[in-house]
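Architecture and fold: a report
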Amino acid sequence: MDANNESIEDWVNSENIQTTKDVEVPKILFDQVIGQEEAGEVVKKAALQKRHVLLLGEPGTGKSMLAQSMVDFLPKEELEDIVVFHNPEDNNRPKIKTFPAGKAKEIVRQYQIRAEQDKKDKSRMIITIVFSIFIVGLILSILTLNYYIVFLALLVAVMIYFFASMNPAMRSERAMIPKILVSHTPNDKPPFIDSTGVHSGALLGDVRHDPFQSGGLETPSHDRVEAGNIHKADKGVLFIDEINLLRPESQQALLTAMQEKKFPISGQSERSTGALVQTEPVPCDFVLVAAGNLDALQGMHPALRSRIRGYGYEVYVRDSMEDNEENRKKLLQFIAQEVVKDKKIPHFDKSAVIEIMKEAQKRSGRRGKLTLRLRELGGLIRAAGDVAISEKASVVTSDHVIKAKEFSKPVEQQIADRSLEIKRLYKTFHNKGAEVGTVNGLAVMGANSGMAEYTGIVMPIVAEITPSQTKGHGSVFATGKLGDIAKEAVQNVSAVFKKISGKDLSDLDIHIQFIGTYEGVEGDSASVSIATAVISAIEEIPIKQNLAMTGSLSVRGNVLPVGGVTAKVEAAIDAGLDEVIVPASNFGDIILDQKYTDKIKIIPVSTIEEVLDEALEKSDEKKLLFERIAELLKPPSTISPSK
Ligand code: ADP
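Here's a quick rundown of the structure. (Residues numbered from 1 in each chain as written. Predicted model: local features only at pLDDT ≥ 70, side-chain atom pairs only at ≥ 80, totals over all residues. Heavy atoms only, no water.)

If you tally the helices and strands in the chain, you get 22 helices and 24 strands. For 643 residues, the compact-globule formula gives about 26 Å, and the C-alpha radius of gyration of the chain, at 37 Å, lies well above that figure. In terms of its C-alpha atoms, the chain occupies a principal-axis envelope of roughly 140 × 70 × 50 Å. By the burial criterion, 49% of the 643 residues in the chain qualify as buried. Counting only contacts in the chain whose residues sit at least 6 apart along the sequence, the fraction spanning at least 24 positions is 75%. Looking at the chain as shown, the accessible area adds up to about 31800 Å², and 53% of this sits on carbon and sulfur atoms. Across the chain, 78 positive and 88 negative side-chain charges occur, with their mean positions spaced 4 Å apart. (Helix = DSSP H or I, 4+ residues; strand = E, 2+ residues; numbered from the N terminus. Rg over C-alpha atoms; globule rule 2.2 N^0.38 Å. Buried < 20%, exposed > 50% of the residue type's maximum accessible area, 1.4 Å probe, protein only. Contact = heavy atoms within 4.5 Å. Areas by Shrake-Rupley, 256 points an atom, 1.4 Å probe, with all protein chains shown as cover. Lys, Arg positive; Asp, Glu negative; His and termini not counted. Charge placed at Lys NZ, Arg CZ, Asp CG, Glu CD.)

Moving on to the pattern of salt bridges. Enumeration according to the criterion identifies 35 salt bridges in this entry. Linking Asp-121 and Arg-124 is a salt bridge whose minimum nitrogen-to-oxygen distance equals 3.9 Å. Here Arg-124 and Asp-121 lie together in helix 5 (residues 103-144), a separation of 3 residues that amounts to about one turn. Note on Asp-121: relative accessible area 37%, which makes it partly exposed. Close ionic contact of Glu-579 with Lys-544 constitutes a salt bridge, the shortest N to O distance being 3.7 Å. Of the two residues, Glu-579 is situated in strand 23 (residues 579-583) and Lys-544 in strand 19 (residues 542-544); the sequence distance between them amounts to 35 residues. When its relative accessible area of 22% is taken as the criterion, Lys-544 is described as partly exposed. When salt bridges that share partners are traced, they join Glu-355, Glu-359, Lys-362, Arg-363, Lys-405, Glu-570 and Asp-593 into one network. (Salt bridge = Lys/Arg side-chain N within 4 Å of Asp/Glu carboxyl O.)

The next subject is the site of the ligand. In the region of the ligand, 16 residues are neighbours, and Gly-60, Ser-64, Glu-338, Lys-341 and Arg-375 sit closest. The contact in question runs from an oxygen atom of the ligand to an N or O atom on the backbone of Thr-61, over 3.1 Å. Between the ligand and the protein, one listed contact pairs an oxygen atom with a backbone N or O atom of Met-65 at 3.1 Å. Listed by contribution, the elements that provide at least two residues to the shell around the ligand are helix 4 (63-69), helix 13 (325-342) and helix 15 (374-390). Taken together, the residues of the shell around the ligand break down into 6 nonpolar, 6 polar and 4 charged. (Near = heavy atom within 4 Å. Polar contact = N/O pair within 3.5 Å; in protein donor to acceptor, adjacent residues only side chain to side chain. Nonpolar A, V, L, I, M, F, W, Y, C, P; charged D, E, K, R; others polar.)

What follows concerns the sheet that holds strand 5 (residues 192-194). One open sheet accounts for 5 strands, arranged 5-8-9-1-10; its pairing is parallel. The strands lining the two open edges of the sheet, one partner per strand, are strand 5 and strand 10 (312-316). Strand-to-strand twist across the sheet, computed as the mean angle between neighbouring axes with direction ignored, equals 15 degrees. (Pairing = 2+ DSSP bridges. Axes fitted to C-alpha atoms, helices over the stretch in contact; angles between N-to-C directions.)

Let us now look at the packing of helix 15 against helix 16 (residues 398-407). The N-to-C vectors of helix 15 and helix 16 enclose an angle of 115 degrees; their axes lie 8 Å apart at closest approach. As judged from the angle between their axes, helix 15 and helix 16 are roughly perpendicular. For the pair helix 15 and helix 16, the sense of crossing is right-handed. Contact residues: helix 15 offers Leu-380, Ala-383, Ala-384, Val-387 and Ala-388, while helix 16 offers His-400, Val-401, Lys-403, Ala-404, Lys-405 and Phe-407. The class makeup of the residues in the contact of helix 15 with helix 16 is 8 nonpolar, 1 polar and 2 charged. (Parallel < 35°, antiparallel > 145°, perpendicular 65-115°, else oblique. Left-handed = near helix turned anticlockwise from the far one by under 90°.)

This paragraph deals with the nonpolar core. Counting 45 residues, the largest nonpolar core has Ile-461, Ile-512, Ile-530 and Val-534 as its most contacted members. Top contributing element to this core by residue count: helix 19 (residues 527-539), with 8 residues. Each residue touching Ile-512, except ones within four places of it in the same chain, is listed here: Ile-461, Val-462, Val-476, Phe-477, Ala-478, Thr-479, Ala-486, Val-490, Ile-530 and Val-534. Grouped together as the second largest cluster of nonpolar side chains are 34 residues, Ile-8, Val-23, Val-353 and Leu-374 included. (Core = buried A, V, L, I, M, F, W, Y, C linked by side-chain atoms within 4.5 Å.)

The next subject is helix 5. Side chains three or four residues apart in an α-helix point the same way, a direct result of the helix having 3.6 residues per turn. Given a rise of 1.5 Å per residue, 42 residues ought to cover 62 Å, and the 62 Å separating the end C-alpha atoms of helix 5 matches this to within 8%. Burial in helix 5 covers these residues: Ala-104, Ile-107, Val-108, Ala-115, Lys-122, Ile-126, Val-130, Gly-137 and Ser-141. Positive backbone phi, approximately 55 degrees, marks Leu-145, located one or two places after helix 5. (Expected span 1.5 Å × (residues − 1).)

Turning our attention to the sheet that holds strand 4 (residues 179-182). Read across the open sheet, the 3 strands follow the order 3-2-4; overall the sheet is antiparallel. Looking at strand neighbours, the two that pair on one side only are strand 3 (95-100) and strand 4, the edges of this open sheet. For this sheet, the mean inter-axis angle between neighbouring strands, taken without regard to orientation, is 35 degrees.

A word on helix 12 (residues 302-311). Those residues of helix 12 lying buried are Leu-304, Arg-307 and Ile-308. Each buried residue of helix 12 sits inside an arc of 95 degrees when the element is viewed along its axis, so together they form one side. Exposed side chains of helix 12 directed beyond 90 degrees from the buried face belong to Pro-302, Arg-309 and Gly-310. The elements touched by buried residues of helix 12 are strand 1 (52-56), helix 10 (248-260), strand 9 (287-292) and strand 10. (Arc of directions from axis to C-beta.)

Where helix 13 contacts helix 14 (residues 350-364), the two axes come as close as 11 Å, and the packing angle between them is 120 degrees. Judged on the interaxial angle alone, helix 14 and helix 13 are oblique. In terms of crossing hand, the pair formed by helix 13 and helix 14 is right-handed. From helix 13, Arg-328, Leu-331, Leu-332 and Ile-335 reach across to helix 14, where they touch Val-353, Ile-356, Met-357, Ala-360 and Gln-361.

Our focus in this paragraph is the environment of Ala-360. Residue position: Ala-360 is located in helix 14. Of the residues examined, Ala-360 reaches a relative accessible area of 0% and is grouped as buried. Taking the C-alpha atoms as reference points, Ala-360 and Arg-93, separated by 267 residues in sequence, lie 57 Å from one another. Setting aside chain neighbours within four positions, we find Ala-360 in contact with Leu-331, Lys-369, Leu-370, Thr-371 and Leu-377.

The next thing to look at is a nonpolar patch on the surface. Taken together, the side chains of Met-125, Ile-129, Leu-152, Leu-155, Val-156, Met-159, Ile-160, Phe-162, Phe-163 and Met-166 present a nonpolar region at the surface, about 960 Å² in accessible area. It is helix 6 (residues 148-166) that provides the largest number of residues to the nonpolar patch, a total of 8 residues. (Patch = residues over 30% accessible without salt bridge, like charges linked within 9 Å, V, L, I, M, F, W, Y side chains within 5 Å.)

Now for the side chain of Thr-61. Structurally, Thr-61 is set in the loop between strand 1 and helix 4. Of the residues examined, Thr-61 reaches a relative accessible area of 4% and is grouped as buried. Beyond its immediate stretch of four places on either side in the chain, Thr-61 contacts Gln-36, Val-317, Arg-318, Asp-319, Leu-372 and Arg-373.

Structure representation (structure tokens):
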């Protein structure tokens, strides 16, 4: 059965469960990753063959989960412990040895016992010498009746004791004890090391600075060696998210480590005494999983990427999945999974599951899809759980989810809400009447901030026309961050203008103003609104103010789809408007929350003429304008850019 046609309510209600407690959660991490089947297959194959992987895609879609699940598929290899030893021939070049997993601790213990014994032997020897000198002095002083001799002997004995204990040769037991860099217990899984955002020392290993460089107090250099994540990931998986933020030198070093499967540890800060030290090469036979957004490719060292392409796989993960029965089941599993993982929140009843699933539909931004931006959806699940706990409820219900959505609004939404209050207060936009040159545009915020959700805002746009300063040299004046978009929009549609209005734009200066725009407002979908405002200003036909619009305009005057339509329609409803014009091709993408359904008339349009017909107030001028348009539209259509 195709669940697409079945409502979420019907589907959830027909499932044989009371709450998510009745839903089975897979034990293996790999099976907990939902919606990334292709990426999953690739990652599994890569693990079996020990290949590197580059995982690109939106944040919170399961990239690190996939990387982590690889350790279950890595070929069974013996894990090894890595130990660093003092090098008696060259203190600055400590020796590296490997042992079977679990052995390192035993070996170091043996060295410790031997060193203790050694220390005891030495102290015993010193004490014997010192005591003998004192006794000899005492006997001599008794025989000669010269008591100064005993004092002299005492003095010599104390001095010998002091120098002996300061002498590095006598303190060498510390240098004898090796240091464990990496250790395991014999049945350990291969390691998974998340190395996102760490500095080069933590990634590649480091040698600590020694403030006492000489005089017998220095720490032996091997004792200051620290393993890097590349070494800790030996025989396992090294995961680095936001790989493009890794410094080029570190990427270069990483590449060397991948090629050689060994990488010596040296001090990473140049002016530290650690920089003098470099160990023998340390094993680092890891599978690299590098991750990032699509634009991570730009910041990636070309040689590193080419290494991965040559010896591994590149995968682009999905940010949404088909809304069908199979995937709804997976999403149900996800909700149960997040509840179990959290350990604190109660399970979800059917009404709460319905609410979360609808949110997953909505956040996908397209009809027939479910979002895979699951980190954020998981956030909503936890927030709803917290609401239930605060209300001492034993299960989470739809009420809790709805409340959680309200208080866990993204910052962009909070700004939009507040700016709406201010706009209402100062009446920067109207929601009734009609006005020349003023249109309620719709924009979104947060589209580029990595957020899964869009936040819509009403953005009034005002156009004014003045005769150009010099005939034939009309310009477009547009202020603010969106200025360039406005100019482009006017240029794109100038051919349409010319045909429709019959006026030569080159004799006019067009001024366009965006009222109350904020940082982060995306305006590329405002071209339909800009065109409408300009045409209204030129023709002096008022625009209805109880209406808002969004859409992108082609040079031919067609209305093209835009992003974030649901959020925009919701913003229009919040602003108290009655009608909203949207691109016909976006109509299916609008998925409104219950509190928004049937609150506004949604008008799908395909051409600028339809926009004008809906938006312009009835008047004689409008009639004339449409007669002209009808004339122009007589076949063959001439609404096309002038040839
Ligand atoms: P990414 O690495 O892509 O940013 P993560 O793998 O760290 O995302 O996902 C963060 C959290 O979001 C996971 O711990 C899990 O709870 C949830 N999550 C994200 N994607 C998925 C997925 N595809 N399947 C199940 N859970 C997911």
